[in-house]
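An overview of the molecular structure
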Amino acid sequence: MASSFTRVISGRNTAVMLAMGAGTLTSGYLLSNSTEAAERRKCYPPSADFPDLRKHNNCMASALTPSIYARLKDKSTPNNWTLDQCIQTGVDNPGHPFIKTVGMVAGDEETYEVFAELFDPVIKDRHNGYDPRTMKHPTDLDASKITSGFFDERYVLSSRVRTGRSIRGLSLPPACTRAERREVERVVVTALAGLKGDLAGRYYSLGEMTEREQQQLIDEHFLFDKPVSPLLTAAGMARDWPDARGIWHNNEKNFLIWINEEDHTRIISMEKGGNMKRVFERFCRGLKQVEHLIQERGWEFMWNERLGYVLTCPSNLGTGLRAGVHVRLPLLNKDPRFKKILDNLRLQKRGTGGVDTAATGDIFDISNLDRLGKSEVELVQLVIDGVNYLIECEKRLERGQDIKIPSPVPQFRK
Amino acid sequence: MPFGNTHNQMKMKYSSEQEYPDLSKHNNHMAKILTPAMYERLRSKQTPSGFTLDDVIQTGVDNPGHPFIMTVGCVAGDEETYEVFKELLDPVIEDRHGGYKPTDKHKTDLNADNLKGGDDLDPNYVLSSRVRTGRSIRSFSLPPHCSRGERRAVEKLSIEALASLSGDLKGKYYALKNMTEAEQQQLIDDHFLFDKPVSPLLLASGMARDWPDARGIWHNDNKTFLVWVNEEDHLRVISMQKGGNMKEVFTRFCTGLTKIESLFKDRGHEFMWSEHLGYILTCPSNLGTGLRAGVHVKLPNMSKHAKFEEVLKKLRLQKRGTGGVDTAAVGGVFDISNADRLGFSEVELVQMVVDGVRLLVDMEKRLEKGQSIDDLMPAQK
């Protein structure tokens with residue numbers, strides 16, 4: 001029975017079924033129809049399963065072709081993550097005519113290799129031509145290299161840097177089992193308990209926090225909720241909520257870590273005011289210490305030369321870094337050249353509620369557009385220089401002077 | 001759906017306790033029945049199409065439930081799920097279906113002639129009558145687990161079979177992804193159109209994947225017989241009309257279903273059915289007949305009576321708002337339907353509805369006249 005069965009099923013199921021043993025195979029086969037069922041299921045050619053992407057507008061839909069699908073469909077990573085699982089979120093969420101979402105996620109580190117034929121063009125599309133086949137991503141967390149990192153606080157209300165890190169050897173949020181997710185929580189929380197001085201802090205498990213703690217975290221804008229975005233839920237990231245999810249922050253409340261939300265960890269350094277240099281310095285110091293603490297226990301972050309830090313969404317590869325400020329720019333906001341200035345500075349504007357929110361008053365969230373192909377130091381410096389330029393423009397407009405659109409910031413280092 | 005579950009073997013390197021879900025805040029049938037020992041015994045198994053225990057229970061883990069409503073908390077990915085995971089599903093079924101035992105046999109009776117009466121419910125009170133059920137096509141995976149290829153095959157087979165219906169059952173198929181704005185509006189106005197599920201109970205089980213691919217609605221020209229393709233089940237079959245002639249609704253229902261079944265058989269396919277579980281559907285709550293026969297009925301006085309709930313319980317009936325499950329009644333109009341699905345035949349269930357609604361309307365008329373209903377109180381069915 002086993003041999004006739006394995007003949008008709010794909011590679012990943014073969015390994016699984018053979019490993020299961022005779023006992024369970026027998027109990028799984030009680031009807032003569034069941035072999036038939038399995039045979040019929042696997043008798044679908046790739047064209048029968050190819051998704052209908054005609055109304056779709058996301059990076060996955062732009063890159064996926066029937067022949068790529070046919071070549072990759074029966075592959076799987078060592079954790080048995082498949083192409084269909086990568087692209088499910090993009091199939092379920094056709095996208096928006098104006099916003100181009102990525103439309104695929106990784107289930108583990110190997111996803112980016114096994115399905116490189118699809119991921120590489122998507123990465124290139126999303127990251128301005130960065131070619132993982134030929135280019136190397138620079139990592140630089142030396143905050144001492146930053147210059148002029150103190151903004152005029154009449155304009156900049158707060159400064160923030162965030163990134164994500166994945167724990168090598170454990171599946172990512174779309175794919176992880178409950179045990180893996182709990183292991184991520186255990187590894188990270190144990191490491192964070194080793195932080196000292198201004199970084200010493202405390203962990204709040206989402207499932208166990210008291211009402212009071214919850215309200216406190218909400219008031220501080222620290223608490224994250226179960227994802228409602230269909231982009232995330234379709235990728236399976238919200239399974240088993242709130243099991244093994246939590247928030248850690250230091251006692252000074254300017255260094256914060258989310259555990260098991262969209263990535264294994266999201267690391268955030270923030271403070272009121274314009275001292276971006278200090279924010280970044282704490283960010284780098286904290287990251288290095290956390291990395292050291294997990295290495296002591298035999299763990300490391302997912303990272304490679306091609307892609308930098310490996311995260312769930314391809315849009316966050318490389319540095320995974322978003323450095324931004326909340327800044328007042330009432331006059332510049334009304335100037336028709338504002339968008340072009342931002343474009344050339346490689347900056348992005350969002351509402352103060354984060355991505356997809358509208359700006360309230362004349363206060364914006366301004367941050368770097370790029371993640372991959374430039375180092376952390378480069379990106380933060382770019383934000384600093386860019387925001388300083390915007391503030392300069394605002395001051396000039398205040399004085400009735402004219403402003404200039406800056407020349408575009410150069411792309412990748414050659 | 002294989003979220004995190006196709007790598008079932010990979011999971012085996014973690015112990016059962018490490019993988020066991022935290023069900024401490026949960027109130028659904030699955031959470032009541034599952035134990036760590038059971039989890040340990042079942043976690044290495046999977047059905048021939050690869051559906052695993054974690055796949056079965058994911059929706060119940062993600063949706064702890066409500067303190068007052070007891071949801072099922074598990075789904076089937078294919079017919080074999082009910083066998084391979086019977087250690088979990090039999091007690092869930094027993095709990096949900098009033099003590100139905102693993103050794104019990106379910107009887108199917110789709111002969112509408114066996115229904116007594118039912119053609120004379122007072123249309124001044126009974127505004128509309130409706131019977132629905134579901135059917136699954138044997139050898140195809142169910143909505144939580146099916147691939148796009150399978151789902152499309154189910155759609156294709158269904159379209160072919162339905163296209164062969166004739167007479168008062170002749171109709172047309174509207175694929176969700178191809179319908180025009182005008183068609184869509186018409187279907188909404190007719191109360192036929194179903195939408196992408198938003199309930200987290202359904203989403204967590206993976207039923208909404210690839211929406212709206214291979215989903216559609218078929219209805220006859222008379223708009224009294226309607227089939228949903230690939231929503232929560234492969235097929236949902238609905239017979240309905242205004243007024244109180246439940247007999248006519250049920251007759252059309254049986255005729256239509258029997259005809260559809262033979263059309264599928266002509267093409268080499270049959271419905272999933274077993275002696276023990278009757279018709280096999282995605283949710284264990286819909287096993288057996290999968291049948292909900294109901295009416296929209298005006299009961300403004302009866303619904304305010306202290307014994308309303310008790311009467312419903314004795315009659316084995318259930319009340320809902322006129323928007324369906326989880327909605328509130330509007331203007332004293334209730335949706336009254338059978339509470340059971342398994343362990344009674346289709347004819348028996350519709351008979352309960354017909355007899356029960358007749359009694360409720362009699363009670364309503366008495367209360368309108370200010371008379372007592374004590375002598376009408378029913379015994380427990």
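With an unreviewed UniProt entry as reference, chain B is termed creatine kinase, source organism Amphilophus citrinellus. In its Catalytic activity (unreviewed entry) section, the UniProt entry covering chain B states "creatine + ATP = N-phosphocreatine + ADP + H(+)".

Chain A is annotated in an unreviewed UniProt entry as Creatine kinase S-type, mitochondrial from Amphilophus citrinellus. According to its UniProt record, chain A has this under Subcellular location (unreviewed entry): "Mitochondrion inner membrane".

Our next topic: the domain arrangement of chain A. Residues and elements named next belong to chain A. The assigned domain composition of chain A is domain 1 (46–127) and domain 2 (143–399). Counting from both sides, the interface comprises 22 residues of domain 1 and, opposite them, 24 residues of domain 2. Across the domain 1 to domain 2 interface the summed buried area is about 1,900 Å²; carbon plus sulfur atoms make up 61%. Area buried by domain 1 at its contact with domain 2 is led by Glu 109, Tyr 112 and His 127, which between them contribute 34% of it. At the surface where domain 1 touches domain 2, the tally comes to 3 salt bridges. Connecting domain 1 to domain 2 are 10 residue pairs in polar contact (both at pLDDT 80 or more). For the side of domain 1 that touches domain 2, the leading source of residues is helix H10 (residues 116–126), giving 4 residues. In terms of residue class, the side of domain 1 that touches domain 2 is built from 9 nonpolar, 7 polar and 6 charged.

Moving on: the side chain of Glu232(B). Residues and elements named next belong to chain B. Tracing the sequence through the fold places Glu 232 in the loop between strand S4 (225–229) and strand S5 (235–242). Residue Glu 232 is classed as buried on the basis of its relative accessible area, which comes to 16%. Aside from chain neighbours lying at most four places away, what touches Glu 232 is Pro 143, Leu 202, Met 207, Thr 282, Cys 283 and Asn 286.

The next subject is the packing of helix H8 (residues 148–163) of chain B against helix H11 (residues 246–266) of chain B. Residue and element names in this part refer to chain B. One way to put it is that H8 packs onto H11 with a least axis distance of 9 Å and a crossing angle of 120°. As far as their axial angle goes, H11 and H8 are oblique. The handedness of the crossing between H8 and H11 comes out as right-handed. Residues Leu 157, Ser 158, Ala 161 and Leu 162 of H8 form the contact with H11, whose own contacting residues are Ile 260, Leu 263 and Phe 264. Counted by class, the contact of H8 with H11 contains 6 nonpolar, 1 polar and no charged residues.

Residues and elements named next belong to chain A. Structurally, the position occupied by Arg 371 is in the loop between strand S10 (363–368) and helix H17 (376–398). In this structure Arg 371 is buried but unpaired, with Asp 370 as the nearest side chain of opposite charge at 7.4 Å. Only 3.1 Å separates the side chain of Arg 371 from the backbone oxygen of Asn 368, close enough to count as a polar contact.

With that settled, consider the packing of aromatic side chains. All told, the structure shown has 14 aromatic pairs over all chains when counted by the stated rule. Between Trp248(A) and Phe255(A), the ring centres sit 6.2 Å apart and the planes meet at 85°, which makes this aromatic pair edge-to-face. Pair check on accessibility: Trp248(A) and Phe255(A) agree, each one buried. Relative to Phe225(B), the ring of Trp218(B) has its centre 6.2 Å away and its plane inclined at 80°; by these criteria the two rings are edge-to-face. Take Trp218(B) and Phe225(B): they sit in the same class, and that class is buried. Following the ring pairs from residue to residue traces out a cluster consisting of Phe224(A), Trp241(A) and Trp258(A). Across the ring face of Phe301(A), the terminal group of Arg165(A) is positioned such that the distance to the ring centre comes to 5.8 Å. A cation over a ring is seen here: Arg135(B) above Tyr279(B), with NZ or CZ 3.4 Å from the ring centre.

Definitions and limits used
Residues numbered from 1 in each chain as written. Chains lettered and ligands numbered in written order. Predicted model: local features only at pLDDT ≥ 70, side-chain atom pairs only at ≥ 80, totals over all residues. Heavy atoms only, no water. UniProt positions renumbered as here; feature names shortened; annotations may be inferred. Domains from an automatic or database assignment. Contact = heavy atoms within 4.5 Å. Buried area = accessible area lost by both parts, 1.4 Å probe. Salt bridge = Lys/Arg side-chain N within 4 Å of Asp/Glu carboxyl O. Polar contact = N/O pair within 3.5 Å; in protein donor to acceptor, adjacent residues only side chain to side chain. Helix = DSSP H or I, 4+ residues; strand = E, 2+ residues; numbered from the N terminus. Nonpolar A, V, L, I, M, F, W, Y, C, P; charged D, E, K, R; others polar. Buried < 20%, exposed > 50% of the residue type's maximum accessible area, 1.4 Å probe, protein only. Axes fitted to C-alpha atoms, helices over the stretch in contact; angles between N-to-C directions. Parallel < 35°, antiparallel > 145°, perpendicular 65-115°, else oblique. Left-handed = near helix turned anticlockwise from the far one by under 90°. Lys, Arg positive; Asp, Glu negative; His and termini not counted. Phe/Tyr/Trp six-rings, centres within 6.5 Å; stacked < 30°, edge-to-face > 60°. Lys NZ or Arg CZ within 6 Å of the ring centre and 35° of its normal.

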